[in-house]
Amino acid sequence: MSISGSTILVGVIGSPVKHSLSPVILNAAFKEAKMDWVYTAFETPEEELTDAIKGVRALGIAGLSVTMPHKVKVCALLDEISDSAQTLEAVNCIVNEGGKLKGHNTDGDGFIDAVKHDAGLDVADKKVLIIGSGGSARSIIHSLGEAGAREIAVINRTKKKALDALELAGSVGRLISEDKISEAAEEADLVINATPIGMADTEEITNFPIEPNLLSKGQLAVDLIYHPISTPWMEALKNRKVETYGGLSMLIFQAAKSFKLWTGEEAPVEAMRKAALDKIEKKT
Ligand code: NAP
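Residues numbered from 1 in each chain as written. Predicted model: local features only at pLDDT ≥ 70, side-chain atom pairs only at ≥ 80, totals over all residues. Heavy atoms only, no water.

The next thing to look at is unusual backbone geometry. Proline 16 follows serine 15 through a cis peptide bond whose omega is 5 degrees. The topology assignment puts proline 16 in the loop between β1 (8-14) and α1 (22-32). Across the junction of histidine 227 and proline 228, the peptide omega takes the value 10 degrees, indicating a cis bond. Residue position: proline 228 is located in the loop between β11 (220-223) and α8 (232-239). At lysine 241, a residue that is not glycine, the phi angle is positive and equals roughly 65 degrees. Position of lysine 241 relative to the elements: it lies in the loop between α8 and β12 (243-245). (Helix = DSSP H or I, 4+ residues; strand = E, 2+ residues; numbered from the N terminus.)

Structure, rendered in structure tokens:
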């Protein structure tokens, strides 16, 4: 990839962001697609967010990915927000349309594409159980609702946050109390871990998002964590013959949606996945 005066610039803003896999994934996509674009990471402290967005307009940066802690606050700084980003009150992708900045949220639909790709699962009419109610759970709940899931059941440590997230599910949302977890797990077609439990870099993890022995063969489980590639929960589920996937596909497919929004082209997802895996394997 050679950078010249006409190379188009995109990037990610967040803090901390230097560890982000997105530059590896998106630059692999531009290289594979033979496009004169480059993607970098802009470490952006919270107090610099407003100036950073002004800079995007001033410098003609073609687009941005947005990660923590800016996904919510950035909404107020944009010219237009897509319907789903507006509902979620969170943006993870900005497109610069001739100086007008439009915000999108590609996380939840990236998840839907990922389970379709990995497991061949269409979530329409399926019963889904989600553990967690943070940003990723919220975007997935919204997309599951839009995609016609039959039931969206949520378990979360903080009940108030679960109830807020369930508002995104419409009439198919259901709060699961402690004493109903095993029943909800047994009934679910798809179970999603949207908490960081399992991210810690230790072999002594005995804490699971939900007990693996509540699931069995025939069910599908997705852990949104992508580093490590396989978590203790995933390993325990695989031992029980539960079909299990990690979070890398969601990361790839939400990036693929951003690539499409910026360039108008379909993203080369397999090249993106290979680049991400190479990078993760080098780190571990
Ligand atoms: P977040 O907004 O901080 O939400 C975290 C959620 O996990 C909250 O519901 C929180 O419960 C719960 N939680 C945290 N620690 C817990 C614990 N020890 N026990 C029980 N519940 C706990 O985070 P997020 O952005 O949604 O991310 C969640 C996970 O998804 C992370 O592992 C992240 O790496 C992963 N992720 C993956 C992708 C991808 O593309 N694959 C994208 C985004 C995030 P409370 O409400 O009680 O605080």
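Bringing α8 into the picture now. For α8, the complete set of buried residues consists of Trp233, Met234, Ala236 and Leu237. Taken around the axis of α8, the buried residues stretch over an arc of 165 degrees, which confines them to a single face. Turning to α8, the residues buried within the fold contact β10 (190-193), β11 and β12. Of the residues trailing α8, lysine 241 is marked for its positive phi of about 65 degrees. (Buried < 20%, exposed > 50% of the residue type's maximum accessible area, 1.4 Å probe, protein only. Arc of directions from axis to C-beta. Contact = heavy atoms within 4.5 Å.)

One way to put it is that helix α4 (residues 107-119) packs onto helix α9 (residues 248-263) with a least axis distance of 7 Å and a crossing angle of 120 degrees. It follows that α4 is oblique to α9 by the angle criterion. Regarding α4 and α9, the two cross each other, and that crossing is right-handed. Side by side, α4 and α9 meet where Asp107, Asp109, Gly110, Phe111, Asp113, Ala114, His117 and Asp118 of the first sit next to Ser249, Met250, Phe253, Gln254 and Lys257 of the second. Along the lines of polarity and charge, the residues of the contact of α4 with α9 split into four nonpolar, four polar and five charged. (Axes fitted to C-alpha atoms, helices over the stretch in contact; angles between N-to-C directions. Parallel < 35°, antiparallel > 145°, perpendicular 65-115°, else oblique. Left-handed = near helix turned anticlockwise from the far one by under 90°. Nonpolar A, V, L, I, M, F, W, Y, C, P; charged D, E, K, R; others polar.)

Tracing the chain through its elements places aspartate 223 in strand β11. Buried and unpaired, aspartate 223 has lysine 238 as its nearest opposite-charge partner, separated by 9.6 Å. Side chain to side chain, aspartate 223 and threonine 231 meet in a polar contact 2.8 Å long. Beyond its immediate chain neighbours, meaning those up to four positions away, aspartate 223 contacts Asn193, Thr231, Trp233, Met234, Tyr245, Gly246 and Gly247. (Lys, Arg positive; Asp, Glu negative; His and termini not counted. Salt bridge = Lys/Arg side-chain N within 4 Å of Asp/Glu carboxyl O. Polar contact = N/O pair within 3.5 Å; in protein donor to acceptor, adjacent residues only side chain to side chain.)

Quick look at the pattern of salt bridges now. With the rule as written, the count across this model stands at 18 salt bridges. With a shortest N-O distance of 3.5 Å, lysine 102 and glutamate 80 are connected by a salt bridge. Of the two residues, lysine 102 sits in strand β6 (residues 100-104) while glutamate 80 sits in strand β4 (residues 80-81), which places them 22 residues apart along the sequence. What makes glutamate 80 partly exposed here is its relative accessible area of 29%. Among the salt bridges present, the one from glutamate 235 reaches lysine 238, with a minimum N-O distance of 3.3 Å. Within this pair, glutamate 235 and its partner lysine 238 are both found in helix α8, separated by three residues, close to a single helical turn. Using a relative accessible area of 38% as the deciding quantity, one classes glutamate 235 as partly exposed. Bridged by salt links that share partners, the residues Glu80, Glu97, Lys100 and Lys102 form one connected network.

Turning to the environment of glycine 218, a few remarks are in order. Counting through the fold element by element, glycine 218 comes out in the loop between β10 and β11. Among the residues examined, glycine 218 registers a relative accessible area of 75% and is labelled exposed. Each C-alpha atom, one on glycine 218 and one on glutamate 243, is 7.3 Å from the other, the two residues being 25 residues apart in sequence.

Spatial ordering of the open sheet is given by β9-β8-β7-β10-β11-β12, a layout of six strands whose pairing is parallel. The open sheet has two edge strands, β9 (173-175) and β12, and neither has a second partner. Neighbour to neighbour, the strand axes of the sheet diverge by 20 degrees on average, direction disregarded. The pairing of strand β7 (residues 127-131) with β10 spans four bridges and is classified as parallel. The residue bridging valine 128 from the neighbouring strand is leucine 190, located in β10. Each of β8 (151-155) and β9 is contacted by helix α6 (residues 159-166), which is oriented at about 170 degrees to β9, the strand it contacts most. Against the sheet, α8 contacts β10, β11 and β12, and its axis sits at roughly 165 degrees relative to β11. (Pairing = 2+ DSSP bridges.)

Read these as layout, nothing more, since geometry by itself doesn't imply function.
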